Amino acid sequence: MILSPRLRSALELVPPGASLADICCDHGQLAIAAALEGAPRVIAIDVAQAPLHVARRNAALAGVTLDLRLGDGLQPLRPGEIDGVVIAGVGGRTCLEILAGPHLRALDLRWLIVQVNRDLPRVRRWLAERGWRTARETLVQDGRRIFPTLLATPHHTARRLSHAEAYLGELLRDARADLHIEHLSRREAKLADEVRGLRRGSDEAALTEREAWLSSVRSALRKRRAGPLADSADKT
């Protein structure tokens, strides 16, 4: 199974020998690859039947049998049957809707992998406030886009992240430096444009947040550009 770079980066964060559930599995390719690579149990979940039909067909073509379940987020899972879950390819709001329900605590997961296409700072903040710590965070380029992906573990002291911590995560520690510079440069341009627009409006809270994010991005860029790019070249 040849995965896109985006999905491969999420799968590579799964701890060795772990069982997992792929939430919002869509075509099932990540779940299929996990099964092919030896995961002892893989459950693929989607809220709609059509993606599950595609996943079933893809699994048959790959020669694996998936445990496919129809349901909303974590709801189809039972405590103790998997070690962790992957939530990839959704927006931050959808991700938080999945995590904020009653099921996350009941499942007592050992880890959680998140790859969202927007609102990642809010996801990082939500996790930290509930005792999840980012164990590792990586970047991958897939086509023209760059995707952060984080692995979080539970049962840590709850804490409130600063604006900089929520926006930057652990990428300064974990990500390959040259790709991180490109990611930060894109973020800087986007945030600068947002700040200019917000200064013409009346949303002071949003302006304060974006200005803090912009300041943290510029600080991180200075640190990255000052150091040798090779330092983290082997971390992806």
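Residues numbered from 1 in each chain as written. Predicted model: local features only at pLDDT ≥ 70, side-chain atom pairs only at ≥ 80, totals over all residues. Heavy atoms only, no water.

Enquirer: Before we move on, could you go through the overall build of the protein chain and cite the residues and values that matter?
Expert: A count of helices and strands for the protein chain gives 10 helices and seven strands. Taken over the C-alpha trace, the protein chain has a radius of gyration of 18 Å; the compact-globule value for 236 residues is 18 Å, and the two agree within 12%. Overall size of the protein chain, expressed as C-alpha extent along the three principal axes, is 50 × 40 × 35 Å. Counting across all 236 residues of the protein chain, residues that qualify as buried make up 50%. (Helix = DSSP H or I, 4+ residues; strand = E, 2+ residues; numbered from the N terminus. Rg over C-alpha atoms; globule rule 2.2 N^0.38 Å. Buried < 20%, exposed > 50% of the residue type's maximum accessible area, 1.4 Å probe, protein only.)

Enquirer: Break down the pairing of strand β4 (residues 84–90) for me, citing the residues and quoting the values.
Expert: In terms of burial, β4 is a largely internal element, six of the seven residues being buried. Pairing analysis gives four bridges linking strand β1 (residues 20–23) to β4, with the strands arranged parallel. Bridge pairing in β4 places Leu20 opposite Gly84. Relative to strand β5 (residues 111–116), β4 runs parallel, the two sharing six bridges. Its bridge partner being in β5, Ala88 is matched across the sheet by Gln115. (Pairing = 2+ DSSP bridges.)

Enquirer: Tell me what's going on with the packing of helix α4 (residues 92–99) against helix α6 (residues 120–129), and back it up with residues and numbers.
Expert: When two helices pack together, their arrangement is given by the angle between their axes and by how far apart the axes lie. Where α4 contacts α6, the two axes come as close as 9 Å, and the packing angle between them is 20°. Classified by the angle between their axes, α4 and α6 sit roughly parallel to one another. Along this stretch, α4 crosses α6, giving a crossing that reads as right-handed. Where α4 abuts α6, its residues Gly92, Cys95, Leu96 and Leu99 lie against Arg122, Val123, Trp126 and Leu127. A breakdown of the residues in the contact of α4 with α6 according to their chemical character gives six nonpolar, one polar and one charged. (Axes fitted to C-alpha atoms, helices over the stretch in contact; angles between N-to-C directions. Parallel < 35°, antiparallel > 145°, perpendicular 65-115°, else oblique. Left-handed = near helix turned anticlockwise from the far one by under 90°. Contact = heavy atoms within 4.5 Å. Nonpolar A, V, L, I, M, F, W, Y, C, P; charged D, E, K, R; others polar.)

Enquirer: Tell me about the side chain of Arg124, and name the residues and values.
Expert: In this structure, Arg124 sits in helix α6. A polar contact of 2.4 Å, which involves the side chain of Arg124, links it to the side chain of Glu137. (Polar contact = N/O pair within 3.5 Å; in protein donor to acceptor, adjacent residues only side chain to side chain.)

Enquirer: Residue-level account of helix α10 (residues 204–226), with values.
Expert: The terminal C-alpha atoms of α10, which comprises 23 residues, lie 33 Å apart, in line with the 33 Å expected from a rise of 1.5 Å per residue. Tucked inside the fold, the buried residues of α10 contact α6, α7 (163–168), α8 (171–174) and α9 (177–198). (Expected span 1.5 Å × (residues − 1).)

Enquirer: I'd like a description of the packing of aromatic side chains, backed by residues and values.
Expert: The relative placement of two aromatic rings is captured by the distance of their centres and the angle of their planes. In this structure the tally under the stated criterion is one aromatic pair. We note Arg6 situated over the ring of Phe147; from NZ or CZ to the ring centre the distance is 5.8 Å. (Phe/Tyr/Trp six-rings, centres within 6.5 Å; stacked < 30°, edge-to-face > 60°. Lys NZ or Arg CZ within 6 Å of the ring centre and 35° of its normal.)

Enquirer: Hey, could you go over unusual backbone geometry for me, with residue numbers and the actual values?
Expert: Phi at Cys24 is positive, roughly 55°, even though this residue is not glycine. The residue Cys24 is located in the loop between β1 and α2 (29–36) in this model. For His155, which is not a glycine, the phi torsion comes out positive at approximately 70°. Relative to the assigned elements, His155 resides in the loop between β7 (145–153) and α7. What makes His155 exposed here is its relative accessible area of 66%.

Enquirer: Talk me through the state of the cysteines; I want residue IDs and the actual numbers.
Expert: Applying the stated criterion across every chain yields a total of zero disulfides. For Cys24, which is in no disulfide, the shortest distance to another cysteine sulfur is to Cys25 and amounts to 8.2 Å. Cys24 provides the cysteine sulfur closest to Cys95, a residue in no disulfide bond, and the two sulfurs are 8.8 Å apart. (Disulfide = S-S within 2.5 Å.)

Enquirer: So, the pattern of salt bridges: which residues are in play, and what are the values?
Expert: Applying the stated criterion across every chain yields a total of 23 salt bridges. In the salt-bridge network here, residues are joined through shared partners; they are Asp119, Arg122, Lys190, Glu194, Glu209 and Arg210. (Salt bridge = Lys/Arg side-chain N within 4 Å of Asp/Glu carboxyl O.)

Enquirer: Before we move on, could you go through the nonpolar core and cite the residues and values that matter?
Expert: One finds Val14, Leu20, Leu66, Val86, Trp111 and Ile113 to be the most contacted residues of the largest nonpolar core, which totals 28 residues. When contributions to this core are tallied by element, the ones reaching two or more residues are α1 (5–11), α2, β2 (42–46), α3 (49–62), β4 and β5. When residues no more than four places from it in sequence are discounted, the contact partners of Ile113 are Ala10, Leu13, Val14, Val85, Val86, Ile87, Thr149, Leu150 and Leu151. In terms of nonpolar packing, the next biggest core, distinct from the first, is built from 27 residues, Ile23, Ile43, Leu96 and Leu150 among them. (Core = buried A, V, L, I, M, F, W, Y, C linked by side-chain atoms within 4.5 Å.)

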